[in-house]
Amino acid sequence: MLKRGEMFDSDRETTNDGSPNLRRRAFLASAAAAIGGLALWQWRKPTVLQASAAPGEPQEITVVLFSDTGERQKTVHIAKVVKTDEEWRARLSANAFDITRRADTEIAFSGKYWNLHDKGIYRCICCDNTLFDSATKFESGTGWPSFWAPIAKENITEIRDTTYGMVRTAVSCTECDAHLGHVFDDGPEPTGLRYCLNSASLRFVKQT
Ligand SMILES: [Zn+2]
């Protein structure tokens, strides 16, 4: 392994511009950016994978509110919804608890929304945060409800997920950290994204 002095000597030999001091400053700046990025990534991790806030200190989050008819209302800064497992179990079916609070996945073609084509919005089963609009729902053939965009980017949180030996991007509810599903880059235009969700994480509100 090169020592620090050798590394800079090597850099100087292979470049025609810049003094070692300039290169060193650039190196420190990129190291600081990398550390900042790591901190941000860790901060974004939900409690499904790792607790992100100390007990008793509710984290403030930003979400966009929508009416039951899908009209965008306002952006609000509110405390994250935090409940104990016992409280969540009391509110949710066993299946919805396992999926939203334990990042489980429902069996394909088994949920109640994969084949639903009605017009309306999809809220979080845990906290009622508005997540997706039927206007962006498409037939993916996977057996899970699939969308090409969330109703508001603030309302969902995307997290790198390396469980089960795969590198995926998990999607959770910003307001309560409920696990929703995963997002892939093989979706249709205009985004090219496929948000592959569990029906059990959602509550459909039909537009009448
Ligand atoms: Zn939620």
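Anyway, here's the lowdown on the structure attached to this text.

### Some points on the sheet that holds strand β3 (residues 120–124)
The strand order β4-β3-β11 describes an open sheet built from three strands, whose pairing is antiparallel. Pairing within the sheet leaves two strands with one partner each, and these edge strands are β4 (130–133) and β11 (202–206). Pairs of neighbouring strands in the sheet enclose a mean axial angle of 30°, with direction left out of account. In the sheet, β3 pairs with β4 via three bridges, with the strands oriented antiparallel.

### Let's talk about the coordination of the zinc ion
Around the zinc ion, the donor atoms from the protein are C124 (SG), C127 (SG), C173 (SG) and C176 (SG), and they sit 2.3 to 2.4 Å away. Angles of 101 to 115° at the metal separate the four donor atoms of the zinc ion, which places the site in the tetrahedral class. Each donor residue of the zinc ion belongs to the same chain, with the gaps between them written as C-x2-C-x45-C-x2-C. For C173, a relative accessible area of 0% gives the class buried.

### Points about the pairing of strand β8 (residues 168–173)
Walk down a regular strand and you will see the side chains alternate between the two sheet faces. For β8, a buried count of five out of six residues is recorded, marking the element as mostly surrounded by other parts of the structure. Here six bridges tie strand β7 (residues 156–161) to β8, and the two strands are oriented antiparallel to one another. Following the sheet pairing, T157 is matched in β8 by S172. The pairing of β8 with strand β9 (residues 179–184) spans four bridges and is antiparallel. Bridge pairing in β9 places A170 opposite H182. Counted between consecutive antiparallel strands, the loop separating β8 from β9 contains five residues, among which D177 sits at a positive phi close to 70°.

What counts, and at which threshold
Sequence order as written defines residue numbering, which begins from 1 separately in each chain. The predicted origin of the model limits local features to residues at a pLDDT of at least 70 and limits the giving and counting of side-chain atom pairs to 80 or more, whereas totals for whole chains, interfaces and linings rest on all residues. Excluding hydrogens and water, the side-chain values take into account all heavy atoms of the structure. By this definition, two strands are paired if DSSP reports at least two bridges between them. Secondary structure follows DSSP: runs of H or I at least 4 residues long count as helices, runs of E at least 2 residues long count as strands, and numbering of each begins at the N terminus. With axes taken as lines fitted to C-alpha atoms, and helix axes fitted only over the stretch in contact, angles between N-to-C directions fall between 0 and 180 degrees. A 2.8 Å cut-off from the metal defines N, O and S donors, relaxed to 3.2 Å for Na, K and Ca; water is not in the atom list, so some sites may appear incomplete. Angular criteria define each label, namely tetrahedral for four donors with all angles between 85 and 135 degrees, square planar for four and octahedral for six donors with opposite donors over 155 degrees apart and remaining angles between 65 and 115, and irregular for whatever fails these tests. Under the scheme applied here, a residue whose accessible area is under 20% of the maximum for its type counts as buried, over 50% as exposed, and between as partly exposed, the area being computed with a 1.4 Å probe on protein chains only.

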